[in-house]
Amino acid sequence: MKCSKCRREAIIYQRYSGMHLCRDHFTDSVESRVKREIRKHHWVERGDTIGVALSGGKDSTSLLHFLIKTFGHRPDITILAITIDEGIAGYRDLSEMEDIIKRYKVPWHTASFAEEYDITLDGIVEGQGDDRRSCSFCGVLRRRVVNRIAREAGCTKLAFGFNLDDEAQSVMMNVLRGDTERLTMQQRENPGMIPRIRPFAVIPEREVALYAHLHVGSLADHGCPYAHNALRGDVRRLLNEYTWQHPATKYAVRTLGEDLKGRGTGPAIIPEICPECGEPAFGTCQTCAVLNEVRRGKIR
Ligand SMILES: [Zn+2]
Ligand SMILES: [Zn+2]
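Residues numbered from 1 in each chain as written. Chains lettered and ligands numbered in written order. Predicted model: local features only at pLDDT ≥ 70, side-chain atom pairs only at ≥ 80, totals over all residues. Heavy atoms only, no water.

1. What about the overall build of the chain?
Reasoning step 1: A tally of helices and strands in the chain yields twelve helices and nine strands.
Reasoning step 2: Relative to a compact globule of 300 residues, whose C-alpha radius of gyration would be 19 Å, the chain shows 20 Å and is just as compact.
Reasoning step 3: In terms of overall dimensions, the chain has C-alpha extents of about 65 × 45 × 40 Å along its principal axes.
Reasoning step 4: In the chain, the proportion of contacts linking residues at least 24 apart, taken out of those at least 6 apart, comes to 75%.
Reasoning step 5: Total accessible area on the chain is roughly 15,900 Å²; 51% of this is exposed by carbon and sulfur atoms.
Reasoning step 6: Computing the positive centroid from 44 side-chain charges and the negative centroid from 40, the chain places the two 5 Å apart. (Helix = DSSP H or I, 4+ residues; strand = E, 2+ residues; numbered from the N terminus. Rg over C-alpha atoms; globule rule 2.2 N^0.38 Å. Contact = heavy atoms within 4.5 Å. Areas by Shrake-Rupley, 256 points an atom, 1.4 Å probe, with all protein chains shown as cover. Lys, Arg positive; Asp, Glu negative; His and termini not counted. Charge placed at Lys NZ, Arg CZ, Asp CG, Glu CD.)

Shown next, in the form of structure tokens:
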């Protein structure tokens, strides 16, 4: 197959655009969509310090590559990487990321659940006796430490590598749970919380994987041993099957999610500082609630 734009050998067929693209035109296609999304939301501004939440997987490493390529030459923009070690034996290994950090020459800030909370995710699962809620515990605990590290490093934006599939799945999961509150919640502002950006949210997973393969090389991508959220797995299959017949579906679901945001009519929740941990929170501090619960389980 030849590229629809230049007649060189194509490496991908985009069903939703009907185009075959060569290596260069595919790269352009990804990067121009990401740049458009960044401009649309004013996600990167003069003077920004962008902290990239780097897990070492294809999404976050590709995002770091893209941000360095696009903004790395700008003297007014600083890019750094932040990695959290959740304490999962055989899964999170920070030494695997040293090559990435060396290659992109970015400052690297790291933290661990062990230092931050005196707890590991393995310990939490052991204390709970199962891993049914490990993803939600982990998400809450990770969110706070990433935010604290970013704030202390002077970040004005926190960048996450979520792709279009992740975004569409999250919207669809809220739909299937009938969770109106989450669908219509506004991303609230709290002075201690660094604004979060998701530049790859418009790029399908398989295209991020191809972009990573072309530009960052092979990555150790062993999945988290505790990640087997049944609903997310079902929704992933459902969206992938449906998209085969209707190629624009994931974009449509994400657009729906974006349009619903901020339409809730519940009472506004006032940003506060948690009296227990001193970090920004809305109402009850989720981090402290999780810590209190898992510490009761006798851990570590
Ligand atoms: Zn081409
Ligand atoms: Zn707290």
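The structure having been displayed, the exposition proceeds.
2. A few points about the coordination of the zinc ion (ligand 2)
Reasoning step 1: Coordination of the zinc ion (ligand 2) by the protein comes from Cys274 (SG), Cys277 (SG), Cys285 (SG) and Cys288 (SG), over a distance range of 2.3 to 2.4 Å.
Reasoning step 2: For the zinc ion (ligand 2), the four donor atoms are set out with angles of 105 to 112° between them, so the coordination reads as tetrahedral.
Reasoning step 3: Counting the intervening residues between successive donors of the zinc ion (ligand 2) yields the motif C-x2-C-x7-C-x2-C. Judged on exposure class, the residue Cys285 and its partner Cys288 are both buried. (Donors = N, O, S within 2.8 Å, 3.2 Å for Na, K, Ca; no water. Tetrahedral: all angles 85-135°; square planar, octahedral: opposite > 155°, others 65-115°. Buried < 20%, exposed > 50% of the residue type's maximum accessible area, 1.4 Å probe, protein only.)

3. Concerning the side chain of Asn163
Reasoning step 1: Note on placement: Asn163 falls in the loop between strand 6 (157–159) and helix 7 (164–177).
Reasoning step 2: Its relative accessible area of 0% is what places Asn163 among the buried residues.
Reasoning step 3: Within the structure, the side chain of Asn163 is placed 2.9 Å from the backbone nitrogen of Asp165, a separation counted as a polar contact.
Reasoning step 4: Discounting chain neighbours no more than four positions away, the residues touching Asn163 are Lys58, Asp59, Phe200, Ala201, Ile203, Glu205 and Val208. (Polar contact = N/O pair within 3.5 Å; in protein donor to acceptor, adjacent residues only side chain to side chain.)

4. Let's talk about the coordination of the zinc ion (ligand 1)
Reasoning step 1: For the zinc ion (ligand 1), the full set of protein donor atoms is Cys3 (SG), Cys6 (SG), Cys22 (SG) and His25 (ND1), and the range of their distances to it is 2.0 to 2.3 Å.
Reasoning step 2: One way to put it: the four donor atoms around the zinc ion (ligand 1) meet at angles of 103 to 114°, and that makes the site tetrahedral.
Reasoning step 3: Mapping the donors of the zinc ion (ligand 1) onto the primary sequence yields the spacing C-x2-C-x15-C-x2-H.
Reasoning step 4: Taking relative accessible area as the criterion, Cys3 reaches 0% and is therefore assigned buried.

5. What to know about the sheet that holds strand 5 (residues 108–112)
One key point about sheets: their strands pair by backbone hydrogen bonds, in either a parallel or an antiparallel sense.
Reasoning step 1: If you trace the five strands from one edge of the open sheet to the other, you get 5-4-3-6-7, paired in parallel fashion. Each having just a single partner strand, strand 5 and strand 7 (196–197) make up the two edges of the open sheet.
Reasoning step 2: Here three bridges tie strand 3 (residues 49–53) to strand 6, and the two strands are oriented parallel to one another. When the sheet's bridge partners are listed, Val52 is paired in strand 6 with Ala159.
Reasoning step 3: On the sheet, helix 6 (residues 134–152) packs against strand 4 (78–85), strand 5, strand 6 and strand 7 and is oriented at approximately 145° with respect to strand 4. (Pairing = 2+ DSSP bridges. Axes fitted to C-alpha atoms, helices over the stretch in contact; angles between N-to-C directions.)

6. Side note on helix 11 (residues 249–260)
Reasoning step 1: Counted at 1.5 Å a residue, the expected span for helix 11 with its twelve residues is 16 Å, and the 17 Å between its end C-alpha atoms agrees.
Reasoning step 2: All of the buried residues in helix 11 are Thr249, Lys250, Val253, Arg254 and Gly257. Burial along helix 11 is one-sided: seen end-on, the buried residues are contained in an arc of 135°.
Reasoning step 3: Looking one or two residues past helix 11, Gly262 carries a phi angle of roughly 80°, positive in sign. (Expected span 1.5 Å × (residues − 1). Arc of directions from axis to C-beta.)

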